[in-house]
Amino acid sequence: MLSRISRSLGTVGSRCISTSQPLLVQKLAVRDALNMAMDEAITQDETAFVMGEEVAQYDGAYKVTRGLWRKHGDKRVIDMPITEMGFAGFAVGAGLNGLRPICEFMTFNFALQAIDHIVNSAAKSHYMSAGVMKCPITFRGPNGPASGVGAQHSQCFASWYGSVPGLKVVSPYSAEDAKGLLKACIMDPNPSVCLENEIMYGTTFDMSDEAMDPNFQIPLGKAKIEREGTHCTIVAHSIGVQTALTAAEELAGLGVECEVVNLRSIRPLDMNTVTQSVMKTNNLVTVEYGWPFGGVGSEIIAGIIEGPAFNYLDSGPLRCTGADIPVPYAKSLEELTFPKESNVVNSVKKVLGI
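Counting from 1, residues in each chain are numbered in the order their sequence is written. Only residues with pLDDT of 70 or above have their local features reported here, since the model is predicted, and side-chain atom pairs are shown and tallied only from 80 upward, although totals for entire chains, interfaces and linings are computed over all residues. Computation of side-chain values: all heavy atoms of the structure, hydrogens and water removed.

Caption draft 1: Expanded view of the packing of helix 8 (residues 239–252) against helix 12 (residues 341–352). Between N-to-C directions, angles cover 0 to 180 degrees, with each direction set by a line fitted to C-alpha atoms, over the stretch in contact for helices. To qualify as a helix, a DSSP run of H or I must reach at least 4 residues; to qualify as a strand, a run of E must reach at least 2; elements of each kind are numbered from the N terminus. It is the contact of helix 8 with helix 12, at a shortest axis distance of 8 Å, that shows an interaxial angle of 55 degrees. When the axis of helix 8 is compared with that of helix 12, the two are oblique. Relative to helix 12, the crossing made by helix 8 is right-handed. Here Thr243, Thr246, Ala247, Glu250 and Leu251 of helix 8 come into contact with helix 12, specifically with Glu341, Val344, Val345, Val348 and Lys349. Throughout this entry, Asp, Glu, Lys and Arg are counted as charged residues, while Ala, Val, Leu, Ile, Met, Phe, Trp, Tyr, Cys and Pro are counted as nonpolar. The remaining residues, Gly among them, count as polar. Along the lines of polarity and charge, the residues of the contact of helix 8 with helix 12 split into five nonpolar, two polar and three charged. Orientation labels follow simple angle bins: below 35 degrees gives roughly parallel, above 145 gives roughly antiparallel, 65 to 115 gives roughly perpendicular, and whatever is left gives oblique. For any helix crossing, the convention is left-handed if the near helix is rotated counterclockwise from the far helix by under a right angle, and right-handed if that rotation is clockwise. Any two residues whose heavy atoms approach within 4.5 Å are treated as being in contact.

Following this line, the structure appears as structure tokens:
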């Protein structure tokens, strides 16, 4: 079990969350920001608890739950057997009975075993009970491609869960995103899905003083302008934001200033921020690591074409996505499967006609 998906730990050189003294720095790795959000939630709400495979004594396969079991004990941080269908059902039942479970999937690929509990029970119970039954549960874990894990462990579920009424879905990029969005999901009365990225776990970001506050939350459904620009809007989420920002820097050297929008939330989707940006830049490129068919980028482009920004477009919007294939295991092929900075740069050049 320990070898099931226990990779990326070579980047654990990130700062660990101490369970005995407060954090005194303003830099934080994504995994530690997630840890902080759960620690705060468990401390502040006696109904909140973490559950999943190896989340307790082993500190989590990716060390996201490091130290929580030693601090909060067996009743608040619970190791589960290798049966996603079983423990996801347990979590949904707990949520429907007034508790606030934080259910970790070692990767969201394994959540396919529990899809009925997530979609048919958690997401629909509030509506089908006419508002009587609430299920404040948070499903979280790494989503999207990792590195060298093959087709069955390299898919992005953003558009999958984003299409389900009754679920709130977030896809954080930075450490501040991770802490604020996960905390908001945990404290929300509705079922939510926090789609983290394994590759980003060890990446360290600056944290604002506001984000270090124990009560800090990021409102669900509110995007963030990561970079101001006037020539083209680039919309992305999760690790795609990093790709978009790198491409924007390269384009700036050519005199092209791109505005990068970090969606942060997939459902609800902040189309207002995207619309205002497109009305300013008159061009649009979307970036995601998921498949093109029915993707998040497709939804964004549809919203722009159907909305008031359509008449502001100077060119047809373009999507930069993962390839429309199962992800190859071979490294040389895997590297060609996901969008690179060069793909984004070429797409922006195309919409600008340069």
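Continuing now.
Caption draft 2: Main features of the state of the cysteines. Note on disulfides: each one is a pair of cysteine sulfur atoms within 2.5 Å. Within the structure shown, the criterion is met by zero disulfides. Of the cysteine sulfurs around Cys103, a residue in no disulfide, the closest is that of Cys135, at 10 Å. The exposure class assigned to Cys103 is buried, which follows from its relative accessible area of 0%. Burial status follows relative accessibility: with a 1.4 Å probe on protein chains alone, a residue under 20% of its type maximum counts as buried, one over 50% as exposed, and anything between as partly exposed.

Caption draft 3: Expanded view of empty space enclosed by the protein. The pocket and cavity definitions rest on a 1 Å grid over protein atoms only: a 1.4 Å probe that fits but cannot leave marks a cavity, an open set with protein on both sides within 12 Å along at least five of seven lines marks a pocket, and residues lining either have an atom within 4 Å of a point. Grid points are joined across faces, edges and corners, and a volume is the space filled by probe spheres set on the points. By the definition in use, this model includes five cavities of 30 Å³ or more. Taken as a whole, the largest cavity holds about 70 Å³ of empty space. In terms of lining residues, the largest cavity is bounded by Asn143, Gly144, Pro145, Cys156, Ser171, Asn197, His237, Ser238, Ile239, Gly240, Glu288 and Tyr289.

Caption draft 4: Broad picture of the packing of aromatic side chains. For this analysis, a ring pair means two rings from Phe, Tyr or Trp (six-membered ring only for Trp) whose centres lie within 6.5 Å, classed as stacked if their planes differ by under 30 degrees, edge-to-face if by over 60, and tilted for the remaining angles. One pass over the full model with this rule turns up nine aromatic pairs. Plain terms: the ring middles of Tyr62 and Tyr201 are 5.6 Å apart, the flat faces sit at 45 degrees to each other, and that makes the pair tilted. One end of the pair, Tyr62, is in the loop between strand 2 (48–52) and helix 2 (68–72); the other, Tyr201, is in the loop between strand 7 (192–196) and strand 8 (204–206), with 139 residues separating them in the sequence. Grouping residues by exposure puts Tyr62 and Tyr201 together as buried. Relative to Tyr161, the ring of Phe157 lies with its centre 6.0 Å away and its plane at 35 degrees, an arrangement referred to as tilted. Each member of the pair, Phe157 as well as Tyr161, is classed as buried. Members of the aromatic cluster, each reached through a chain of ring pairs, are Phe87, Phe105, Phe108, Phe139, Phe157, Trp160 and Tyr161.

Caption draft 5: Spotlight on the sheet that holds strand 10 (residues 232–236). Strand order in the open sheet formed by five strands is 9-11-10-13-14, with mixed pairing between adjacent strands. Since the sheet does not close on itself, it has two edges, and those belong to strand 9 (224–227) and strand 14 (318–320), each with one partner. Going across the sheet, the axis of each strand differs from the next one's by a mean of 25 degrees, ignoring polarity. Bridge count for strand 10 against strand 11 (residues 258–262) is five bridges, and the pairing is parallel. Across the sheet, the residue bridging to Ile234 is Val260, located in strand 11. Those strands touched by helix 10 (residues 296–306) are strand 10, strand 13 (284–287) and strand 14, and its axis lies near 155 degrees from that of strand 13. Between any two strands, at least two bridges found by DSSP are needed for them to pair.

Caption draft 6: Quick look at the layout of surface pockets. Of the voids in this model, the second largest pocket is the one considered here, and its volume is about 260 Å³. Lining the second largest pocket are 15 residues, and of these Ala146, Ile199, Tyr289, Glu335 and Phe338 lie nearest its centre. Secondary structure elements with two or more residues in the lining of the second largest pocket: helix 8 and helix 11 (331–334). Examining the composition of the lining of the second largest pocket, we find that three residues originate from one element, helix 8, more than from any other. Of the residues in the lining of the second largest pocket, the class split is seven nonpolar, three polar and five charged.

Caption draft 7: Spotlight on helix 9 (residues 271–281). Within helix 9 the residues assigned to the buried category are Met271, Thr273, Val274, Thr275, Ser277, Val278 and Thr281. Those residues of helix 9 that are buried are in contact with strand 9, strand 10, strand 11, strand 13 and helix 10. Residue Asn282 follows helix 9 closely and has a positive phi angle near 70 degrees.

Caption draft 8: View of the packing of helix 3 (residues 84–96) against helix 4 (residues 115–122). It is the contact of helix 3 with helix 4, at a shortest axis distance of 8 Å, that shows an interaxial angle of 25 degrees. As the angle between them shows, helix 3 and helix 4 are arranged roughly parallel. Regarding helix 3 and helix 4, the two cross each other, and that crossing is right-handed. Between helix 3 and helix 4, the contacting residues are Met85, Ala88, Gly89 and Val92 on the first element and His117, Ser121 and Ala122 on the second.

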